[in-house]
Amino acid sequence: MRVLLNIIWLLLCGFWMALGYLVAGVICCILIVTIPFGLASFRIANYALWPFGRTVVDRRDAGAASCLGNVIWFVFAGLWLAIGHVFTGIALCVTIVGIPLGIANFKMIPVSLMPLGKEIVEIP
């Protein structure tokens, strides 16, 4: 079931959302100081391509730098990517078949707002 949902997800919204994260990651990596943001963006892009069967958990070793980084990320990229998830989730929830995909889009909003200090893990 996960594979089927992931394939439908990829075709309807996963590719476009991952593309948004990739663009943000490339911009962050061009600006040398923001490379950690770029790496986090690439990690979320991978998650946005194939989300079912994985989840986001907090890292225990994340400290104050992650908190400060998340504030900076929120202002420059996080808010815009979260808005993309909201609109895509609403559009998917209009149809009955798209409701699980819309809910998955809404679940990705917290990690798109604050990606630093998070880890993406497989669900057993």
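Residues numbered from 1 in each chain as written. Predicted model: local features only at pLDDT ≥ 70, side-chain atom pairs only at ≥ 80, totals over all residues. Heavy atoms only, no water.

A. Focus on the overall build of the protein chain. Scanning the protein chain for helices and strands turns up five helices and two strands. The order of helices and strands in the protein chain, counted from the N terminus, is α-α-β-α-α-α-β. Here the protein chain has a C-alpha radius of gyration of 14 Å; the compact-globule value for 124 residues is 14 Å, and the two agree. Counting only C-alpha atoms, the protein chain reaches 45 × 30 × 20 Å along its principal axes. For the protein chain, the residues scored as buried account for 40% of the 124 residues in total. Surface accessibility of the protein chain: about 7,300 Å² in total, with carbon and sulfur atoms responsible for 78%. Side chains of the protein chain give 7 positive and 4 negative charges; the mean places of these two sets differ by 5 Å. (Helix = DSSP H or I, 4+ residues; strand = E, 2+ residues; numbered from the N terminus. Rg over C-alpha atoms; globule rule 2.2 N^0.38 Å. Buried < 20%, exposed > 50% of the residue type's maximum accessible area, 1.4 Å probe, protein only. Areas by Shrake-Rupley, 256 points an atom, 1.4 Å probe, with all protein chains shown as cover. Lys, Arg positive; Asp, Glu negative; His and termini not counted. Charge placed at Lys NZ, Arg CZ, Asp CG, Glu CD.)

B. Inspection of the UniProt feature "transmembrane region" (unreviewed entry) in the protein chain at higher detail. As annotated by UniProt and renumbered to match this structure, "transmembrane region" (unreviewed entry) occupies residues 7-24, 62-83 and 89-106. Within residues 7-24, the helical portion is 100% and the strand portion 0%, while the C-alpha atoms at the span's ends are 24 Å from each other. Counted over residues 62-83, helix gives 91% and strand 0%. Its end C-alpha atoms are 26 Å apart. (UniProt positions renumbered as here; feature names shortened; annotations may be inferred.)

C. Just the nonpolar core, in detail. Formed by 24 residues in total, the largest nonpolar core has its most connected members in Trp9, Tyr21, Ala48 and Trp73. Put simply, the parts of the chain that give this core at least two residues each are helix 1 (2-30), helix 2 (35-49), helix 3 (64-93) and helix 4 (99-107). Element by element, the count of residues in this core is highest for helix 1, at seven residues. Contacts of Tyr21, omitting those with residues within four sequence positions, involve Ser41, Ile44, Ala45, Ala48, Leu81, His85 and Ser112. (Core = buried A, V, L, I, M, F, W, Y, C linked by side-chain atoms within 4.5 Å. Contact = heavy atoms within 4.5 Å.)

D. Here's a closer look at the pattern of salt bridges. Per the counting criterion, the structure on display carries two salt bridges. Lys118 serves as the salt-bridge partner of Asp58, at 2.5 Å between the closest nitrogen and oxygen. With Asp58 in strand 1 (residues 54-58) and Lys118 in strand 2 (residues 118-122), this residue pair connects regions lying 60 residues apart in the sequence. With a relative accessible area of 54%, Asp58 lands in the exposed category. Of the charged contacts, one joins Asp61 and Arg59 as a salt bridge, the two residues approaching to 2.8 Å between their closest N and O atoms. Owing to a relative accessible area of 57%, Asp61 belongs among the exposed residues under this scheme. (Salt bridge = Lys/Arg side-chain N within 4 Å of Asp/Glu carboxyl O.)

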